[in-house]
Amino acid sequence: MAKRVEVVAHLVEGAGIRPTSRLTEVSKPAILSLLLRVDEGCERLHNRLVRDVDCRTVQVDEIWSYVQKKQARVQPGDSPEVGEAYVYVGMASASKLVISYRVGKRDDENTRAFIADLRARLVTIPQLYSDGWQPYIAAVGDSFAGAVDYAQVVKSYTRKARRDDDHRYEPPRDPFITRTPVFGVPDVKRASTSHVERQNLTIRMHIRRFTRLCNGFSKRLPHHKAAVALHMMFYNFCRPHEALRVTPAMEAGLADHVWSIEELVTAALTAAPTEPPKPMELKLPDAPAGALAAPARALPNGRGFLRLVGSAPAAPAPPTPPAASKPEPEPPPSEPPPAPEPRRMMQLSLFTV
């Protein structure tokens, strides 16, 4: 067990298979075998522990990666597993908890499966924000059935009028964010995907297979999925968030302590099969402190709620005392007053004689 913990500790901190083999003196086949076994347990733990999440704001995004070769190099006879392998991530903005994730092609099928899994783990109508990926609209509409406040945040990056390549990752100086409400009543002013995009950086720093612009990549899809599943469990339950000072699972109320690597490995290797969560009826979020809850009525067949949207009615103003009667203005004179005589110029003496 001590050697297993040592191997997993290197993997979750961004070390590759070969560096882990050199540091721990464990063969590469043994490391890959352990990774696959831990992956199966991490998926079972995620299905059992990360459910019934009560959060108000959820951000979703996709992070690019590939298996064996990039999509432009894929040949007609290659395996369907070869090429792009995006990771869909759904994260709670407040607790930074990764609620749902999925590895696969960036297509309509995987988008629908990801949104359906995200919907099954929630118990509150969320404010859902995503990028401009079009299949999200149909997937959110089918899974949430109107019980969602959904908006898309599109960032338009361009290299127009740039003669060099020094600022390839810098956004244009003009306003480049477009926020579009899609379903429900999203808070358009606060719509953002910044938190989940920051999570993409965490994934790239902690999984060697996601390191960009170098030779870090997966050769097989099962090992790629195993690395993602291991990282998500480590991130949610073992790694204290620098801003929260606790793990995301503790902030979300899913755990009461910081898991150790040994505890994670032991739980993953002994986890029993667990069915994925099933969607529950979503409830309305609680009203902010000091505010009255808006009237709402549930629609039949679980199609959401009929809500009163808008600002609360203002309190009636106190009656104002009657104004004092003003004297009636005097009627204008019948004849205009005479014009003043012009002043005559005169010489002033500075000295008296």
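Before reading on, note that the structure itself is shown above.
Predicted model, so just to flag it, every value in this text is computed and none were measured. (Residues numbered from 1 in each chain as written. Predicted model: local features only at pLDDT ≥ 70, side-chain atom pairs only at ≥ 80, totals over all residues. Heavy atoms only, no water.)

Caption draft 1: Quick look at the pattern of salt bridges. One pass over the structure, following the stated rule, counts 11 salt bridges. The closest approach of N and O atoms between aspartate 149 and arginine 56, which form a salt bridge, is 3.4 Å. With aspartate 149 in strand S7 (residues 149–155) and arginine 56 in the loop between helix H3 (28–49) and strand S1 (57–63), this residue pair connects regions lying 93 residues apart in the sequence. The salt bridge involving aspartate 108 is made with arginine 112; its shortest N-O contact spans 3.0 Å. Here aspartate 108 pairs with arginine 112, and both are found in helix H4 (residues 108–120), just four residues apart, close to one helical turn. When its relative accessible area of 31% is taken as the criterion, arginine 112 is described as partly exposed. Overlapping salt bridges bring together Asp108, Arg112 and Asp142 as one network. (Salt bridge = Lys/Arg side-chain N within 4 Å of Asp/Glu carboxyl O. Helix = DSSP H or I, 4+ residues; strand = E, 2+ residues; numbered from the N terminus. Buried < 20%, exposed > 50% of the residue type's maximum accessible area, 1.4 Å probe, protein only.)

Caption draft 2: Quick look at the packing of helix H2 (residues 17–24) against H3. The geometry of H2 relative to H3 is characterised by a closest axis approach of 9 Å and an angle of 115° between their N-to-C directions. Between H2 and H3, the angle falls in the class roughly perpendicular. In this structure, H2 crosses over H3, and the sense of that crossing is right-handed. Counting all contacts with H2, which are made through Ile17, Arg18, Thr20, Ser21 and Thr24, the residues of H3 involved are Lys28, Ile31 and Leu32. Its residues placed into classes, the contact of H2 with H3 shows three nonpolar, three polar and two charged. (Axes fitted to C-alpha atoms, helices over the stretch in contact; angles between N-to-C directions. Parallel < 35°, antiparallel > 145°, perpendicular 65-115°, else oblique. Left-handed = near helix turned anticlockwise from the far one by under 90°. Contact = heavy atoms within 4.5 Å. Nonpolar A, V, L, I, M, F, W, Y, C, P; charged D, E, K, R; others polar.)

Caption draft 3: Structural context of the environment of histidine 195. Structurally, the position occupied by histidine 195 is in helix H6 (residues 194–206). The spatial distance from the C-alpha of histidine 195 to the C-alpha of methionine 91 is 8.0 Å, given a sequence separation of 104 residues. In contact with histidine 195, other than residues within four places in its own chain, are Gln59, Met91, Ser93 and Lys96.

Caption draft 4: Local environment of the environment of aspartate 54. Summarising the element assignment, aspartate 54 is placed in the loop between H3 and S1. Along the backbone, aspartate 54 and leucine 122 are 68 residues apart, and their C-alpha atoms lie at a distance of 6.2 Å. Excluding residues that lie within four positions of it along the chain, aspartate 54 makes contacts with Val123, Thr124 and Lys283. One polar contact links aspartate 54 to threonine 124, side chain to side chain, over a distance of 2.4 Å. (Polar contact = N/O pair within 3.5 Å; in protein donor to acceptor, adjacent residues only side chain to side chain.)

Caption draft 5: The arrangement of the nonpolar core in detail. Ile99, Leu122, Leu128, Leu230 and Trp259 are the most contacted members of the largest nonpolar core, which has 72 residues in total. Sorting elements by how many residues they give to this core places helix H7 (residues 221–238) first, with 12 residues. When neighbours within four sequence positions are excluded, leucine 230 is seen to be in contact with Val8, Leu11, Val12, Leu35, Val38, Cys42 and Leu264. (Core = buried A, V, L, I, M, F, W, Y, C linked by side-chain atoms within 4.5 Å.)

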